[in-house]
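In case you want the letters, here they are:
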Amino acid sequence: MRPVPRYVQEVDGSTLTFSVCTLVQSEEKYDRLLTSFARLGFSPDNSEFLAADNRSGNRFDGYSWTKTLLAEARGRYVIFCHDDVELIEDGHDALLARLAELDAIDPAWLLAGVAGGRWRVGRNNW
């Protein structure tokens, strides 16, 4: 039997800049993530927040949550993170500036990433 393609007829007209996709195990940690993103310029006007819900058990593994949320993402850029991420200083505008720098270096870039973060005495307990 010959495969039957699914033809996409329209481009999503979303004007969102970011889709913040998160694997959520802890509601408390996710609330802190949302608060920190809102404090630093991520709003419903420029960003959407998608959550893979692992609060009551492992429904999603390390691969399935990214695949599932990427299919739903409408932002120009997609951020994948766990629920324990909190923005400290830089936010929406700083990230856009760094991505513009990346565009200047290589307009065909596909993936940007960071691992780790900054630890502050008295601020984080990890």
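Because the structure is predicted, anything quoted here is derived from the model rather than measured.

**Quick notes on the side chain of Asn54**
The residue Asn54 is located in the loop between β2 (47-53) and α2 (64-72) in this model. By relative accessible area, which is 5% here, Asn54 ends up buried. Here Asn54 is in contact with Leu23, Val24, Gln25, Arg59 and Phe60, once residues within four sequence places are set aside.

**Details of the pairing of strand β1 (residues 18-24)**
Counted residue by residue, β1 has seven buried out of seven residues, so it is predominantly covered. Here β1 shows a buried face lined by Phe18, Val20, Thr22 and Val24 and a second buried face lined by Ser19, Cys21 and Leu23. When β1 meets β2, the two strands line up parallel, connected through seven bridges. Across the sheet, the residue bridging to Leu23 is Ala52, located in β2. Once you follow β1 into helix α1 (residues 27-39) and on to β2, the crossover reads as right-handed. Both β1 and strand β3 (residues 77-82) contribute to a ladder of six bridges, which runs parallel. What sits directly across from Cys21, in β3, is Phe80.

**Here we look at the environment of Thr35**
Its location among the elements puts Thr35 in helix α1. Residue class for Thr35 comes out exposed when judged on its relative accessible area of 53%. Through-space distance from the C-alpha of Thr35 to that of Glu86 is 8.3 Å; in sequence the pair is 51 residues apart.

What counts, and at which threshold
Residues numbered from 1 in each chain as written. Predicted model: local features only at pLDDT ≥ 70, side-chain atom pairs only at ≥ 80, totals over all residues. Heavy atoms only, no water. Helix = DSSP H or I, 4+ residues; strand = E, 2+ residues; numbered from the N terminus. Buried < 20%, exposed > 50% of the residue type's maximum accessible area, 1.4 Å probe, protein only. Contact = heavy atoms within 4.5 Å. Pairing = 2+ DSSP bridges. Right-handed = clockwise from strand over helix to strand, strands pointing away.

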